[in-house]
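# Topology and contacts: notes
What follows is each chain in one-letter form.
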Amino acid sequence: MAMTQDELKTLVGRAALDYVKPGSIVGVGTGSTVDKFIDALGEALKADLKRVAGAVSSSVRSTQRLEALGIQVLPAESVTSLGVYVDGADEIDHGGHMIKGGGAALTREKIVADLAEQFVCIADESKLVNTLGKFPLPVEVIPMAAAQVIRAFGKLGGTGKVREGVTTDNGNVIVDVTGLQITAPAQFESDINQIPGVVTVGVFARNKASVCLLGTAQGVKTLTF
Ligand code: 5RP
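Please read all numbers here as calculations on a predicted model, not as lab measurements. (Residues numbered from 1 in each chain as written. Predicted model: local features only at pLDDT ≥ 70, side-chain atom pairs only at ≥ 80, totals over all residues. Heavy atoms only, no water.)

### Examining the nonpolar core
V26, V28, F37, L41, I122 and L213 are the most contacted members of the largest nonpolar core, which has 24 residues in total. Listed by contribution, the elements that provide at least two residues to this core are α1 (5-15), β1 (25-28), α2 (32-46), β3 (82-87), β6 (116-124) and β12 (211-216). If you tally residues by element for this core, the top one is α2, at seven residues. Core analysis: the second largest hydrophobic core is formed by 23 residues, V56, A104, A209 and C212 among them. (Core = buried A, V, L, I, M, F, W, Y, C linked by side-chain atoms within 4.5 Å. Buried < 20%, exposed > 50% of the residue type's maximum accessible area, 1.4 Å probe, protein only. Helix = DSSP H or I, 4+ residues; strand = E, 2+ residues; numbered from the N terminus.)

### Structural notes on the domain arrangement of the chain
The extent of an interface is frequently quoted as the accessible surface area lost upon association of the parts. What the domain assignment reports for the chain is domain 1 (5-129 + 206-224) and domain 2 (137-201). On a C-alpha basis, the centres of domain 1 and domain 2 stand 24 Å from each other. When domain 1 packs against domain 2, the two sides together hide about 1200 Å² of surface, and 54% of this comes from carbon and sulfur. Interface area lost by domain 1 to domain 2 is led by L106, T107 and K110, which between them contribute 39%. In this structure, the connection of domain 1 to domain 2 is made through one salt bridge. Across the pair E189 and K110 runs a salt bridge, and its minimum N-O distance is 2.5 Å. No other element matches helix α4 (residues 106-115), which puts four residues into the side of domain 1 that touches domain 2. Across the side of domain 1 that touches domain 2, the residue classes break down as four nonpolar, six polar and five charged. (Domains from an automatic or database assignment. Buried area = accessible area lost by both parts, 1.4 Å probe. Salt bridge = Lys/Arg side-chain N within 4 Å of Asp/Glu carboxyl O. Nonpolar A, V, L, I, M, F, W, Y, C, P; charged D, E, K, R; others polar.)

### Digging into unusual backbone geometry
Unusually for a residue other than glycine, D48 sits at a positive phi of about 60°. Its location among the elements puts D48 in the loop between α2 and β2 (54-57). A residue is classified by how much of its surface remains accessible, and D48, at 57% relative accessible area, is exposed.

### A few points about the site of the ligand
As a structural note, the neighbourhood of the ligand is formed by 17 residues, with S32, T33, D90, G101 and K127 the closest of them. Taking G88, its main chain carries an N or O atom lying 3.3 Å from an oxygen atom of the ligand. For the ligand, an oxygen atom lies 2.9 Å from a polar atom in the side chain of K100. Relative to its free-state accessible area of 380 Å², the ligand is covered by the protein chains to the extent of 91%. For the ligand, the cavity whose grid points lie within 2 Å of the majority of its atoms is the largest pocket. Classifying every residue of the shell around the ligand by side-chain character gives three nonpolar, eight polar and six charged. (Near = heavy atom within 4 Å. Polar contact = N/O pair within 3.5 Å; in protein donor to acceptor, adjacent residues only side chain to side chain. Areas by Shrake-Rupley, 256 points an atom, 1.4 Å probe, with all protein chains shown as cover. 1 Å grid on protein atoms, 1.4 Å probe; cavity = no way out; pocket = protein on both sides within 12 Å on 5 of 7 lines; lining within 4 Å. Sits in = over half its atoms within 2 Å of the grid points.)

### Regarding the sheet that holds strand β13 (residues 219-224)
Sheet architecture is open: six strands sit in the order β2-β1-β3-β6-β12-β13, paired in mixed fashion. Strands with a single pairing partner mark the edges of an open sheet, and in this sheet they are β2 and β13. Direction aside, the axes of adjacent strands within the sheet are offset by 25° on average. Here β12 pairs with β13 via six bridges, running antiparallel. Bridging from a neighbouring strand, L214 pairs with K221 of β13. Contacts between α2 and the sheet are confined to β1, β3 and β6, with β1 contributing the most and set at about 155° to the helix. (Pairing = 2+ DSSP bridges. Axes fitted to C-alpha atoms, helices over the stretch in contact; angles between N-to-C directions. Contact = heavy atoms within 4.5 Å.)

### Side note on a nonpolar patch on the surface
A surface patch of nonpolar side chains, about 310 Å² in accessible area, is lined by I142, M144 and V199. Turning to its location among the elements, M144 is positioned in the loop between β7 (137-141) and α5 (146-155). (Patch = residues over 30% accessible without salt bridge, like charges linked within 9 Å, V, L, I, M, F, W, Y side chains within 5 Å.)

### Some details on the packing of aromatic side chains
What the rule picks out here adds up to one aromatic pair. Here the aromatic rings of Y85 and F119 are separated by 5.0 Å at their centres, their planes lie at 85°, and the arrangement is edge-to-face. Highlighted residues: Y85 in strand β3 and F119 in strand β6, separated in sequence by 34 residues. Here K100 stacks its cationic end above the ring of F204, 5.5 Å away from the centre of that ring. (Phe/Tyr/Trp six-rings, centres within 6.5 Å; stacked < 30°, edge-to-face > 60°. Lys NZ or Arg CZ within 6 Å of the ring centre and 35° of its normal.)

### Brief notes about the environment of A209
With respect to the helices and strands, A209 occurs in the loop between β11 (203-204) and β12. We classify A209 as buried; its relative accessible area is 1%. When the C-alpha positions of A209 and V120 are compared, they lie 6.0 Å apart, and in sequence the two are 89 residues distant. Filtering out sequence-adjacent residues up to four positions away, A209 remains in contact with I92, G96, M98, F119, C121 and F225.

The following block contains the structure:
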């Protein structure tokens, strides 16, 4: 019987545990797939199979889940480097570049990812694409610049819209941009970072995945980049 998306997420969440060294501090992303990874960390802790020294979290949501399991969450500023950062993606291409930010946590995700030597992306197979851009690109923007940023994306052929009812953990808004085909992710990321008011663009090219654990009907497929 085919596995549900939820079961695929559980599978890759558990598989990511293999990348976490016992006694290390692990970087933890945000989202429903990461929730499965946090559950797996909790199960390993309970069964005394693997104990981490702590975690650096990319969102209030993940922090709450980690702390509920008794895992200490350290501030990012207290850590100089992390071995591994585990996070999901909204899209990942065959070069390991990603669109992230569906959960509005992209800025903290990029900060924590940048501390890590290895980015382990966990995703179900629906997230693997040839070209980034079908998923509306999240961009965290300082509120007063939202209209200006939307106009700038218009000139690039995209249509931006402020995500309703969402304020990020940093007090900003998210502009979701449709109609883009991101064929050169690294250049695109640099270009968008130049637009005044953009805090973070949801293209992760500089901080791309090192490994993707992809949940497929045949089990976990490991892509390395
Ligand atoms: C949050 C993210 C998530 O990693 C992304 O949205 C994937 O989420 P999910 O695992 O729920 O599909 O970037 O900002």
